[in-house]
Amino acid sequence: MFTITKSRQVEQIYRGQKTSEGAGVQLTRLFSSNLQRRLDPFLMLDNFASDNPDDYIAGFPDHPHRGFETVTYMIEGRMLHRDSKGNEGLLENGGVQWMTAGSGLVHSEIPQQEDGTMSGFQLWLNLAAADKMSKPWYKDYQNADLPKYTTDEGVAITVIAGRSNGTEGAVQRDKTEPLYLDVHVPAGKSFSTAIPANHNAFIVVYEGQVELSGTTIEATQLALLANDADVDGVHLTATDDSRVLILAGKPLNEPIVQHGPFVMNSREEIVAAFNDFQAGKFA
């Protein structure tokens, strides 16, 4: 287990805003344009969680993307993905879909259940300017495909991306170096993992409550972690049985210009994205 020399502090705590997307899916937007600069290379994080089918059943019909990656973590439920390249995949409990929209893709995400709980997260991860027009790509990782480990204290970790305590995640990215962990911490137990000092980082508590450097973070809260040249990781302790996302990434330090489902580096590139989409070039 990694020993923290100096853990990150909490810079600010945020509570997400309720909103609706797709064909009326109710969700909580944990952050978007308000923190894109501060959390570079991350662009947005949404949490969907409901046992009311009216909140999710219509899903997300066909919609385009260009210039970034989407990471959908399906904690509970079933979601069918189809895209304009003819790809199709079914995400089930504990699965992840990692999609690189690149030069342009039209896709849909439709629930494959009529009742029960649907819960998970969708993260938007920026692409470097040199990669924004790359060939679209995606891969589904079912729960059994995701690397996992358990600490001596019984903390269970799923490593979606990056590396944690010697375990390499399902996805690696050279330019943004994302770390994406789902950490289940029993009450009274602690967890530590390395995070490079120059990476932007945050945690989201989605069940329970944790303490981090003297600050309490409750369920549904996002804690932005302070940058400091001397820090080498994060250390947290659960006051209740808790489930926490830990995310960090290397900033791109490039212009961010977003208009709806397109994220580029200039207004001219946004205009080109709209023109290409309208001309059917995302097929």
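Sequence order as written defines the numbering, with residues in each chain counted from 1. Owing to the predicted nature of the model, reporting of local features is limited to residues with pLDDT of at least 70; listing and counting of side-chain atom pairs is limited to 80 or more, with chain, interface and lining totals taken over all residues. With hydrogens and water stripped out, all remaining heavy atoms of the structure feed into the side-chain values.

**Overview of the pairing of strand E2 (residues 17-21)**
Regular strands show a simple pattern: their side chains alternate between the two faces of the sheet. Put simply, the test is: Strands were regarded as paired on the criterion that DSSP finds at least two bridges between them. Numbering of helices and strands starts at the N terminus; helices are DSSP runs of H or I of at least 4 residues and strands are runs of E of at least 2.
Pairing between E2 and strand E3 (residues 25-31): five bridges, direction antiparallel. Its bridge partner lying in E3, Lys18 is registered against Thr28. The turn joining E2 and E3, which pair antiparallel and follow one another in sequence, is formed by three residues; a positive phi near 60° is taken by Gly22.

**Some thoughts on helix H1 (residues 267-278)**
Heads up, the rule is: In a helix, the anticipated span is given by 1.5 Å times the number of residues less one. Exposure categories follow from relative accessible area, calculated using a 1.4 Å probe and restricted to protein chains: below 20% of the type maximum is buried, above 50% is exposed, and the middle band is partly exposed. Regarding the arc, it is the one traced by the directions from the helix axis to the C-beta atoms. Contacts are residue-level and defined by heavy atoms, with any inter-residue pair within 4.5 Å sufficient.
Along its 12 residues, H1 runs 17 Å from first to last C-alpha, staying within 8% of the 16 Å computed at 1.5 Å per residue. Along H1, the residues classified as buried are Ile270, Ala273 and Asp276. One side of H1 carries all its buried residues, which in axial view fall inside an arc of 125°. Facing away from the buried side of H1, by more than 90 degrees, are the exposed residues Arg267, Glu268 and Gln278. Contacts made by the buried residues of H1 are with strand E25 (257-259) and strand E26 (262-264).

**Overview of the sheet that holds strand E21 (residues 215-218)**
As a reminder, the rule being used: Under this scheme, a helix contributes an axis fitted over its contacting stretch, all axes are lines through C-alpha atoms, and angles between N-to-C directions fall in the 0 to 180 degree range.
If you walk across this open sheet you meet the four strands as E18-E23-E20-E21, and the pairing is antiparallel. In the strand order of this sheet, the two ends are held by strand E18 (190-194) and E21, each with one partner. The mean inter-strand angle of the sheet, taken between neighbouring strand axes irrespective of direction, is 30°. Pairing of E18 with strand E23 (residues 233-238), which is carried by five bridges, proceeds in the antiparallel orientation. The residue bridging Phe191 from the neighbouring strand is Leu236, located in E23.

**What about the UniProt feature "domain: Pirin N-terminal" (unreviewed entry) in the chain?**
Test applied: UniProt positions are given in the numbering used here, feature names are shortened, and annotations may be inferred rather than shown by experiment.
Cross-referencing UniProt, the feature "domain: Pirin N-terminal" (unreviewed entry) maps to residues 28-125 in the present numbering. Here residues 28-125 runs as 0% helix and 59% strand, with 18 Å between its end C-alpha atoms.

**Topic: the pattern of salt bridges**
It is possible for side chains bearing opposite charge to pair when their charged atoms get close. Note the threshold: Between Lys or Arg on one side and Asp or Glu on the other, a salt bridge is scored when a side-chain nitrogen of the former is within 4 Å of a carboxyl oxygen of the latter.
Summed over the entire model, instances satisfying the criterion amount to 15 salt bridges. The salt bridge involving Glu11 is made with Arg38; its shortest N-O contact spans 2.8 Å. Residue Glu11 is found in strand E1 (residues 10-15), and its partner Arg38 is found in the loop between E3 and strand E4 (42-50); the two are separated by 27 residues along the sequence. Residues Arg15 and Glu218 are paired through a salt bridge, measuring 3.9 Å at the closest nitrogen-oxygen approach.

**Observations regarding the sheet that holds strand E6 (residues 68-76)**
Sheet strands pair by backbone hydrogen bonding; their relative direction is either parallel or antiparallel. Within the open sheet, the seven strands sit side by side as E2-E3-E4-E11-E6-E9-E12. Their pairing is antiparallel. Two strands bound the open sheet, and with one partner strand each, they are E2 and strand E12 (137-141). Along the sheet, successive strands turn relative to each other by an average axial angle of 20°, direction set aside. Direction of pairing for strand E9 (residues 95-100) relative to E12: antiparallel, over a ladder of five bridges. Of the residues in E12, the one forming a bridge with Val96 is Tyr141.

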